[in-house]
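The residues making up each chain are set out below.
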Amino acid sequence: MSSSILLVRTALLLGIIFSSTIPALGSSDSPAFFVFGDSTVDPGNNNYIGTTPEFRADFEPYGRNGFFDKPTGRFSDGRVIVDFIAEYAGLPIIPAYKQPGADFSHGANFASGGAGVLPETNRGMVIDLPTQLKDFEEVEKWLIEKVGTDKAKEVLREAVYFISIGSNDYLGGYRGNPEMRQRYRPEAFIGTVVGNLTSTIQDLYEKGARKFGFLSIGPLGCLPALRAQNAATSGNNNGACLEEASSLAQAHNNALKSLLFSLSAIFRDIKYCNSDFYDWIEDKLNNPAKHGFKDGERACCGAGPFGGLYTCGGQREAKEYSLCKDADMEGYIWFDSFHPTERIHEEYARMFWDGPSSLVGPYTLRQLFTGKRIIADYVDDPKEEDPFASLS
Ligand SMILES: *[C@@H]1O[C@H](CO)[C@@H](O)[C@H](O)[C@H]1NC(C)=O
């Protein structure tokens, strides 16, 4: 093909993309945003279910940085990653599905702190992933009622589906559960988690989902809670990460990576953005000063060595906790024993939005949200409808 034809095609292509972008409901022309997962992305769903303070964050000092006027149930000092992603996409904050009177015009967030892929993980205390999918079906029904089947299909096909889950399966679900450890060897357990995650992705695909974002699991053994456990069992207070927990996370991430690669070969019209949260944050934990932080080991809020006891807020089993003055000023990475500060959420969201391709791919979130397609999409995929067919 001559380069001038290519140029014309490119120009046409851009025109077609912009004119065919299907607006979500409401005023913003960004696609809708649906979120599934655990405390990394829960905007407060657990405030509305019967659970224990272990699985809640709707009390001080959560949310203390003042972005929201009170604790919202987010497990951080402020916003979480999906709040930033919504902002970059030009969307309002996507509400918790459980929030009474919530407006789902731009999407819904089904995530629940403590949730796992497997229903066995923290059973009875959280909204597990299969239940989050059922909740999504309710929103789907609402959408069909509101705009009709055809339009609803378009909205669901254009929407971005973000999934951040798995840590709890490996922490409480496996490491903290002797029965599971007896039933499964680590690699078999990982296979079970990833197998169930595959089913969820396929279910969403069958409902019309085509664009997915995935947040990989971080180095679990470096959470202040696990550093503290490691110190307690090894008698060595040097702050080493608990390797056994981090290995599970790494193995899971590798399995997810190949799963997504296979799925996209089978379902050729899937577009996804996976990201390497593990390496990204590990570098910050190991070299905080290089990245403008001061402390990659201790939690701003908690008790005991590394702030690793999960007592932040004094509403859980133990009442005592200490709290740093200002997580940002003092350069903390971890807000409590398990969860990072808002600043980490924001920096990661920014990275997730635009790349670099060493950490994010094959698409960036920006590409998923703006629908910008690369020429290779058409060249590589013979099944893709030829957008020029009607022009010739
Ligand atoms: C899903 O998880 C259950 C345990 O909850 C397990 O028995 C089943 O084999 C898993 N499914 C897949 C496809 O791995």
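Throughout this description, residue numbers start from 1 for each chain and increase along the sequence as written. Totals for whole chains, interfaces and linings use all residues, but because this is a predicted model, local features are given only for residues with pLDDT of at least 70 and pairs of side-chain atoms are given and counted only at 80 or more. To get the side-chain values, take all heavy atoms of the structure and skip hydrogens and water.

(A) Main features of the overall build of the protein. Per the secondary structure count, the protein includes 13 helices and 10 strands. Of all 392 residues assigned to the protein, the portion counted as buried reaches 55%. It only takes one pair of heavy atoms within 4.5 Å for two residues to be counted as in contact. Of all intrachain contacts in the protein linking residues separated by at least 6 positions in sequence, the fraction that spans at least 24 positions is 72%. Elements are defined by DSSP. Helices are runs of H or I of four residues or more, strands are runs of E of two residues or more, and each kind is numbered from the N terminus. When a residue's accessible area, from a 1.4 Å probe over protein chains only, is under 20% of the maximum for its type it is buried; when over 50% it is exposed; and in between it is partly exposed.

(B) Up close: helix α11 (residues 342–354). What a helix is expected to span follows from its residue count: subtract one and scale by 1.5 Å. If you check α11, its first and last C-alpha atoms are 19 Å apart, about what 13 residues at 1.5 Å a residue would give, namely 18 Å. Where α11 is concerned, the buried positions are Glu342, Ile344, His345, Tyr348, Ala349, Met351, Phe352 and Trp353.

(C) Broad picture of the site of the ligand. Working definition: residue near molecule or strand if any one of its non-hydrogen atoms lies within 4 Å of it. Lining the immediate environment of the ligand, one finds Leu118, Glu120, Thr192, Gly195 and Asn196. Under this definition, polar contacts are N or O atom pairs within 3.5 Å; protein pairs additionally need one hydrogen-donor-capable and one acceptor-capable atom, and for neighbouring residues in sequence, both atoms have to be side-chain atoms. Side-chain polar atom of asparagine 196 to an oxygen atom of the ligand: 2.4 Å apart, as the coordinates give it. All accessible areas in this document rest on Shrake-Rupley with a 1.4 Å probe, and a residue is counted as covered only by the protein chains that are shown. Bound to the protein, the ligand loses 54% of the 360 Å² it would expose on its own.

(D) Fine view of the sheet that holds strand β5 (residues 271–275). The sheet built from six strands is open, its strands ordered β2-β1-β3-β4-β5-β10 with mixed pairing. The open sheet has two free edges, formed respectively by β2 (107–109) and β10 (360–362), since each of these has just one partner strand. Strand-to-strand twist of the sheet, defined as the mean angle between neighbouring strand axes without regard to direction, takes the value 20 degrees. The rule for pairing is simple: two strands pair if DSSP sees at least two bridges between them. Of the strand pairs in this sheet, strand β1 (residues 33–37) and β2 are connected by three bridges, and their pairing is parallel. Along β2, the bridge assignment pairs phenylalanine 34 with alanine 108. Angular values range over 0 to 180 degrees, each being the angle between N-to-C directions of two axes fitted as lines to C-alpha atoms, with helices fitted over their stretch in contact. Running at roughly 170 degrees to β1, helix α2 (residues 81–88) makes contact with β1, β2, β3 (160–164) and β4 (211–215) of the sheet. Running over the sheet, helix α3 (residues 129–147) touches β1, β2 and β3 and is turned about 160 degrees from β1.

(E) Layout of the side chain of aspartate 128. Inspection of the secondary structure puts aspartate 128 in the loop between β2 and α3. Engagement of the side chain of aspartate 128 in a polar contact is seen with the side chain of threonine 131, the distance being 2.7 Å. Apart from the residues within four sequence positions on either side, aspartate 128 is in contact with Ala115, Gly116, Leu118 and Pro119.

(F) Representation of the pairing of β5 within the structure. Across the five residues that make up β5, a large majority, five, are buried. Side chains Lys271, Cys273 and Ser275 of β5 all project onto a buried face; the interleaved residues Tyr272 and Asn274 project onto the opposite face, where all are buried too. Bridge count for β4 against β5 is five bridges, and the pairing is parallel. Directly across from leucine 215, in β5, lies its bridge partner serine 275. With three bridges joining them, β5 and β10 adopt antiparallel strand pairing. Within β10, the residue paired with serine 275 across the bridge is valine 360.

(G) Inspection of the pattern of salt bridges at higher detail. When a carboxyl oxygen of Asp or Glu lies within 4 Å of a side-chain nitrogen of Lys or Arg, that pair is called a salt bridge. Summed over the entire model, instances satisfying the criterion amount to 16 salt bridges. A salt bridge links arginine 79 to glutamate 342; the shortest N-O distance between them is 3.2 Å. In this pair, arginine 79 sits in the loop between β1 and α2 while glutamate 342 sits in helix α11, placing the two residues 263 residues apart along the sequence. In this structure, arginine 366 engages aspartate 354 in a salt bridge whose closest nitrogen and oxygen atoms are separated by 2.7 Å. On the criterion of sequence distance, the pair formed by arginine 366 in helix α12 (residues 365–370) and aspartate 354 in helix α11 is long-range, its members being 12 residues apart. If you follow the salt bridges from partner to partner, you end up with Arg79, Glu87 and Glu342 in one network.

(H) How the structure looks around the packing of aromatic side chains. Stacked, tilted and edge-to-face pairs are distinguished by plane angle, under 30 degrees for stacked and over 60 for edge-to-face with tilted covering the rest, among Phe, Tyr and Trp rings (Trp via its six-membered ring) whose centres lie within 6.5 Å. Under the criterion given, the structure shown has 30 aromatic pairs. Consider the rings of phenylalanine 110 and phenylalanine 136, whose centres lie 6.0 Å apart with planes at 85 degrees: the pair is edge-to-face. Residue phenylalanine 110 is found in the loop between β2 and α3, and its partner phenylalanine 136 is found in helix α3; the two are separated by 26 residues along the sequence. Note on accessibility: phenylalanine 110 and phenylalanine 136 belong to one class, buried. Between phenylalanine 212 and phenylalanine 214, the aromatic rings sit 6.1 Å apart at their centres with planes inclined by 20 degrees, giving stacked as the arrangement. Residues phenylalanine 212 and phenylalanine 214 agree in their burial class; the two are buried. Cluster of aromatic residues (ring-pair linked, three or more members): Phe34, Phe36, Tyr97, Phe104, Phe110, Phe136, Trp142, Tyr161, Phe212 and Phe214. By definition, being over a ring means that NZ of Lys or CZ of Arg is both within 6 Å of the ring centre and within 35 degrees of the ring normal. Above the face of the tyrosine 205 ring, arginine 210 is positioned so that its terminal group lies 3.6 Å from the ring centre.

(I) Broad picture of the side chain of aspartate 336. Mapping aspartate 336 onto the fold places it in the loop between β9 (332–334) and α11. Summary of buried charges: aspartate 336 has no salt-bridge partner, and the nearest side chain of opposite charge, arginine 316, is 4.6 Å away. Polar side-chain contacts of aspartate 336 include one of 2.8 Å to the backbone nitrogen of histidine 339. Excluding residues within four positions of it along the chain, aspartate 336 makes contact with Tyr62, Pro224, Ala299, Cys301, Tyr310 and Cys312. Counted as positive: Lys and Arg. Counted as negative: Asp and Glu, with His and the chain ends omitted from the count.

(J) Expanded view of the nonpolar core. The definition of a nonpolar core used throughout is a set of buried Ala, Val, Leu, Ile, Met, Phe, Trp, Tyr and Cys residues joined through side-chain atoms within 4.5 Å. In terms of nonpolar packing, the biggest core is built from 97 residues, with Phe33, Phe34, Phe36, Tyr161, Phe162 and Phe212 touching the most fellow members. Ranked by the residues each element gives to this core, the list is headed by helix α7 (residues 186–206), at eight residues. Each residue touching phenylalanine 36, except ones within four places of it in the same chain, is listed here: Val41, Phe110, Ala111, Leu129, Gln132, Leu133, Phe136, Tyr161, Phe162, Ile163, Ser164 and Leu204. With 12 residues, the next largest nonpolar core counts Phe75, Cys301, Cys324 and Phe335 among its residues.

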